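# Observations on the three-dimensional arrangement
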Amino acid sequence: MTAPASARDRFVAFRRSLARPPKLTEQRVRTRGLDFAIFTTPEVHGAVPLCCVNGGMLFDHKLLWPALSPLAADRQLILYDQRGRGASSAPPGVQIARIEHDAGDLHAIRLALGYRRWDVLGHSWGGGIATLGTERDRDGVRRLVLVNAVGPRSDSWLPSLHDAALRRLTGTERSLLQRLDPSHLHDGDPARHSAYARAMYPAWFSDPELAQLFAPPRSDSRTGAAIVARLRRDGYDWSALVRAVHTETLVLHGEDDLLPTSVARELVALMPHARLALVPKAGHMPFWEAPQSFFDLVRTFLDRT
């Protein structure tokens, strides 16, 4: 049988081969003075659970569900809405919110749920949260998977991101993004951040045809907007913290991502026990654009004894 030629065809064929995703169980957990919405798949006896941290900064756990549902066949997945996103409560003093607060929540949520140890997967900005959270909870994280994660220094990727997206887009999509100035994202206006995220969305895909299958997410999270505005305005350098992460780590990155592969190589160079896996013909969401390769790589890494 001839393999499907396009990314769209490969994605559709892969999803049709899967069983129906398991139903998520929702619960509320109170920790660090906030109520967090937690979503879990059924327990898998003898398997280390996997906490999944979504990116996007403005958005909730639905960015990774049901995208990551194939992993639930082998282990329990734990997803959650970050503070002030989705169904989780917002912190007081939203304008002073920082990504470091999100990182501290990972350890607190693990303890509140009663897990002695878990694996952690973070995607995009969620990769930053996962890395910083693992550095704070070294005994609680067995293995770490970073999927198209942001780089350890903002100056290595963030200033060039807008122009890289413009080069990738054409027609109406390009015109829409061209009208938006990323310097206007320094003020933390959630409507402006949400509009910019929607305009950028098609550029994250390697294959424009596949991008048409997915609707850009929407969110009006004041907390998320405040956090990403601070990161854009002030920049960041997590190099010292990344070096301190001795957890065994898989840095997985789509070769055609807007985030250059150099940020993945920089992460691997800094982390003492990290390995790099580049996924051909995939952009920012390799779990959609190259699902077979993505899930094989993640399973092999997590299942190793």
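Look a little higher up for the structure.
Below or above, wherever it landed, is the structure these notes cover. (Residues numbered from 1 in each chain as written. Predicted model: local features only at pLDDT ≥ 70, side-chain atom pairs only at ≥ 80, totals over all residues. Heavy atoms only, no water.)

## Quick notes on the sheet that holds strand β6 (residues 141-147)
What counts, and what does not: Should DSSP find at least two bridges between two strands, the strands are taken to pair. Every helix listed is a DSSP run of H or I at least four residues long, and every strand listed is a run of E at least two residues long, numbered separately from the N terminus. Axis definition: a line fitted to C-alpha atoms, limited for helices to the stretch in contact. Angles are taken between N-to-C directions and run from 0 to 180 degrees. Contact between two residues is taken to exist if any of their heavy atoms lie within 4.5 Å; hydrogens are not considered.
Taken together, the 8 strands give an open sheet; going across it, the order is β1-β2-β4-β3-β5-β6-β7-β8, and neighbouring strands pair in mixed fashion. Among the strands making up the open sheet, the edge pair consists of β1 (25-31) and β8 (274-279). Within this sheet the neighbouring strands show an average axis-to-axis angle of 25°, counted without direction. Seen against the sheet, helix α2 (residues 99-113) touches β1, β2 (34-40), β3 (50-53), β4 (77-80) and β5 (118-123) and runs at an angle of roughly 110° to β1.

## Quick look at the pattern of salt bridges
Threshold: We define a salt bridge as a side-chain nitrogen of Lys or Arg found within 4 Å of a carboxyl oxygen belonging to Asp or Glu. Between buried and exposed lies partly exposed: a residue is buried under 20% and exposed over 50% of the maximum accessible area for its type, with that area taken using a 1.4 Å probe on protein chains only.
Inspection of the entire model under this criterion finds 20 salt bridges. With its nearest N and O atoms 3.9 Å apart, the salt bridge here joins aspartate 119 to arginine 75. Of this pair, aspartate 119 sits in strand β5 while arginine 75 is found in the loop between β3 and β4, placing the two residues 44 residues apart along the sequence. For the residue pair aspartate 119 and arginine 75, the accessibility class agrees, reading buried in each case. When the shortest N-O distance is used, the salt bridge between aspartate 137 and arginine 110 registers 2.8 Å. Linking aspartate 137 in the loop between α3 (125-136) and β6 with arginine 110 in helix α2, this pair joins segments that are 27 residues apart in sequence. Taking the relative accessible area as the measure of exposure, aspartate 137 reaches 6% and is therefore buried.

## Notes on the pairing of β1
Two strands pair when backbone bridges link them, and β1 and β2 are joined in this way by 7 bridges, in the antiparallel orientation. From the neighbouring strand, glutamate 26 faces β2, where its bridge partner is phenylalanine 39. The turn linking β1 back onto β2 is made up of 2 residues, and arginine 32 within it adopts a positive phi angle of 55°.

## Topic: α3
Inclusion rule: In a helix, the anticipated span is given by 1.5 Å times the number of residues less one.
With 12 residues, α3 extends 17 Å from end C-alpha to end C-alpha; this agrees with the ideal 16 Å at 1.5 Å per step. Where burial is concerned, most of α3 is hidden: 11 out of the 12 residues are buried. Regarding α3, the residues found buried are Trp125, Gly126, Gly127, Gly128, Ile129, Ala130, Thr131, Leu132, Gly133, Thr134 and Glu135.

## Notes on the pairing of strand β7 (residues 248-254)
Most of β7 is tucked away: 6 of the 7 residues are buried. Relative to β7, β6 runs parallel, the two sharing 5 bridges. The partner of leucine 144 across the bridge, within β7, is threonine 249. Bridge analysis of β7 against β8 gives 6 bridges, and the strand direction is parallel.

## Looking at helix α12 (residues 291-303)
Just so we agree on the cut-off: Comment: arc refers to directions from the helix axis out to C-beta atoms.
For α12, spanning 13 residues, the distance from its first C-alpha to its last is 18 Å, which sits close to the expected 18 Å at 1.5 Å a residue. Along α12, the residues classified as buried are Pro291, Phe294, Phe295, Val298, Phe301 and Leu302. Along the axis of α12, the buried positions cluster into a sector of 135°, meaning they face one direction only.

## Observations concerning unusual backbone geometry
Note the cis peptide between tryptophan 65 and proline 66, where omega equals 10°. Along the chain, proline 66 turns up in the loop between β3 and β4. In this model, serine 124 sits at a positive phi of 60°, which is unusual for a non-glycine residue. Note that serine 124 resides in the loop between β5 and α3. Judged by its relative accessible area of 8%, serine 124 is buried. Even without being glycine, asparagine 148 reaches a positive phi, approximately 45°. Residue position: asparagine 148 is located in the loop between β6 and α4 (158-168).

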